[in-house]
Amino acid sequence: MSGEIVFYYNPMSRARIAHWMLEEVAVPYRIELLRFDKGDQKKPEYLAVNPMGKVPAIVHRGVVVTEAAAICTYLADAFPKAQLAPPLDDPQRGTYLRWLFFMASNFEAAVLDQAAPRPKSPPSSSLGYGSYADVMHAIESALRPGPYILGERFSAADVYMAAQLEYAAMMKWIEPRPAVEAYLARISARPGKLRAQEQCNALMQQMKSSG
Ligand SMILES: N[C@@H](CCC(=O)N[C@@H](CS)C(=O)NCC(=O)O)C(=O)O
């Protein structure tokens, strides 16, 4: 069983979240670039890895992990030296998991429904996220004490949270909020994030020139 991490990637996608996380844990990995313009993500070779035909996905020790939030959680646990997850017996583990799940379920759905409202939406009592306003209020309140979602300790939950917030802000799906902006500014210069960004830019360039 190979200890190598294979990372299925496209630079214009949520795979950037996993890329940042891979750089945070700072272990070797091999990128398998999937070109959306060539439909690589829907080819049988990749559907055998992820039947959803979506990225990111990683394969490590013979196991496939998909879903950006799960990949962040998995890598933090698989490589504890990086200290990006509170250990199982640490009470902060609860807060850590809470925000990883909150962002993957409530934030994603609330923001996308806000950006492209459904013609017929279930009542907020039936929606897992309640309302967009409640979701943003919860996030803002949780981030206000800072500097990170767990206070002084940076974790994989910040990778996922910051990446999601940053993308939504860039797309203007969320309006500027002081606590969120301050949080994103604090995180923006992390070396792992910058390394991932640099590689991403290089890959995009490479894709452009190879046509
Ligand atoms: N739930 C997945 C969503 C992944 C996803 O939607 N990936 C998109 C790019 S951001 C994708 O691969 N789209 C290609 C396609 O559907 O053809 C996650 O959080 O990782």
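Before reading on, note that the structure itself is shown above.
Residues numbered from 1 in each chain as written. Predicted model: local features only at pLDDT ≥ 70, side-chain atom pairs only at ≥ 80, totals over all residues. Heavy atoms only, no water.

### Side note on the site of the ligand
Here is step 1: Taken together, S13, R14, F36, Q41, K42, G53, K54, V55, P56, E67 and A68 make up the full set of residues adjacent to the ligand.
Here is step 2: Contact distances for the ligand include 2.9 Å between an oxygen atom and a side-chain N or O atom of R14.
Here is step 3: Within the contact set of the ligand, an oxygen atom lies 2.9 Å away from a backbone nitrogen or oxygen of V55.
Here is step 4: A total of 510 Å² of accessible area belongs to the ligand in isolation, and the protein chains cover 76% of it.
Here is step 5: Residues that form the shell around the ligand fall into these classes: four nonpolar, three polar and four charged. (Near = heavy atom within 4 Å. Polar contact = N/O pair within 3.5 Å; in protein donor to acceptor, adjacent residues only side chain to side chain. Areas by Shrake-Rupley, 256 points an atom, 1.4 Å probe, with all protein chains shown as cover. Nonpolar A, V, L, I, M, F, W, Y, C, P; charged D, E, K, R; others polar.)

### So, the sheet that holds strand 4 (residues 63-66)
Pairing between the strands of a sheet comes from backbone hydrogen bonds, and it takes one of two forms, parallel or antiparallel.
Here is step 1: Read across the open sheet, the four strands follow the order 2-1-3-4; overall the sheet is mixed. The sheet is open, and its two edges are formed by strand 2 (29-33) and strand 4, each paired on a single side. Here the strands of the sheet are splayed against their neighbours by 20° on average, with no regard to which way each runs.
Here is step 2: As paired elements, strand 3 (residues 57-60) and strand 4 share four bridges and run antiparallel to each other. (Pairing = 2+ DSSP bridges. Helix = DSSP H or I, 4+ residues; strand = E, 2+ residues; numbered from the N terminus. Axes fitted to C-alpha atoms, helices over the stretch in contact; angles between N-to-C directions.)

### With respect to the pattern of salt bridges
Opposite charge on two side chains permits them to pair, given that their charged atoms come into close proximity.
Here is step 1: With the rule as written, the count across this model stands at 13 salt bridges.
Here is step 2: D37 is paired through a salt bridge with R35; the nearest N and O atoms lie 2.7 Å apart.
Here is step 3: Classification of D37 as exposed rests on a relative accessible area of 55%.
Here is step 4: The closest approach of N and O atoms between R177 and E140, which form a salt bridge, is 3.1 Å. On the criterion of sequence distance, the pair formed by R177 in the loop between helix 6 (156-170) and helix 7 (178-187) and E140 in helix 5 (residues 132-143) is long-range, its members being 37 residues apart.
Here is step 5: On the basis of relative accessible area, R177 is assigned to the buried category, the value being 16%.
Here is step 6: Residue class for E140 comes out buried when judged on its relative accessible area of 12%. (Salt bridge = Lys/Arg side-chain N within 4 Å of Asp/Glu carboxyl O. Buried < 20%, exposed > 50% of the residue type's maximum accessible area, 1.4 Å probe, protein only.)

### Considerations on the packing of helix 3 (residues 68-78) against helix 6
Here is step 1: Contact geometry of helix 3 with helix 6 gives a least axis separation of 9 Å together with a crossing angle of 160°. What the angle tells us is that helix 3 and helix 6 run roughly antiparallel. Once helix 3 is placed against helix 6, the crossing between them reads as right-handed. Contacts between helix 3 and helix 6 involve A68, A69, C72 and A76 from the first element and A156, V159 and Y160 from the second.
Here is step 2: Within the contact of helix 3 with helix 6, the residues separate by chemical class into seven nonpolar, no polar and no charged. (Parallel < 35°, antiparallel > 145°, perpendicular 65-115°, else oblique. Left-handed = near helix turned anticlockwise from the far one by under 90°. Contact = heavy atoms within 4.5 Å.)

### A look at the nonpolar core
Nonpolar side chains in soluble globular proteins generally cluster together in the buried interior.
Here is step 1: M21, L75, F107, I139, M161 and L165 are the most contacted members of the largest nonpolar core, which has 67 residues in total.
Here is step 2: Take this core: its biggest share by element is nine residues, from helix 6.
Here is step 3: For M161, the contacting residues outside a window of four places in its chain are W99, M103, I139, L143, I149 and Y183. (Core = buried A, V, L, I, M, F, W, Y, C linked by side-chain atoms within 4.5 Å.)

### Description of helix 8 (residues 191-210)
Here is step 1: Spanning 20 residues, helix 8 covers 29 Å between terminal C-alpha atoms, matching the ideal 28 Å at 1.5 Å per step.
Here is step 2: Listed in full, the buried residues belonging to helix 8 are G192, K193, A196, C200, L203 and M207. Each buried residue of helix 8 lies within a common arc of 95° when the element is viewed along its axis, so the set occupies one face. Opposite the buried face of helix 8, at more than 90 degrees from it, the exposed residues are P191, E198, K208 and S209.
Here is step 3: Close packing links the buried residues of helix 8 with strand 1 (5-9), helix 1 (15-25), strand 2, helix 6 and helix 7.
Here is step 4: In the segment just after helix 8, G211 is the residue with positive phi, at about 75°. (Expected span 1.5 Å × (residues − 1). Arc of directions from axis to C-beta.)

### Examining the packing of aromatic side chains
Each pair of aromatic rings is reported with the distance of its centres and the angle of its planes.
Here is step 1: This structure, assessed with the given rule, holds six aromatic pairs.
Here is step 2: Judged by centre distance (4.7 Å) and plane angle (55°), the ring pair of W99 and F102 falls under tilted. You can see W99 and its partner F102 sitting in helix 4 (residues 92-115), three residues apart, about one turn around the helix. Each member of the pair, W99 as well as F102, is classed as buried.
Here is step 3: Both rings, one in Y167 and one in W173, keep their centres 5.6 Å apart while their planes meet at 80°; by these two values the pair is edge-to-face. (Phe/Tyr/Trp six-rings, centres within 6.5 Å; stacked < 30°, edge-to-face > 60°.)

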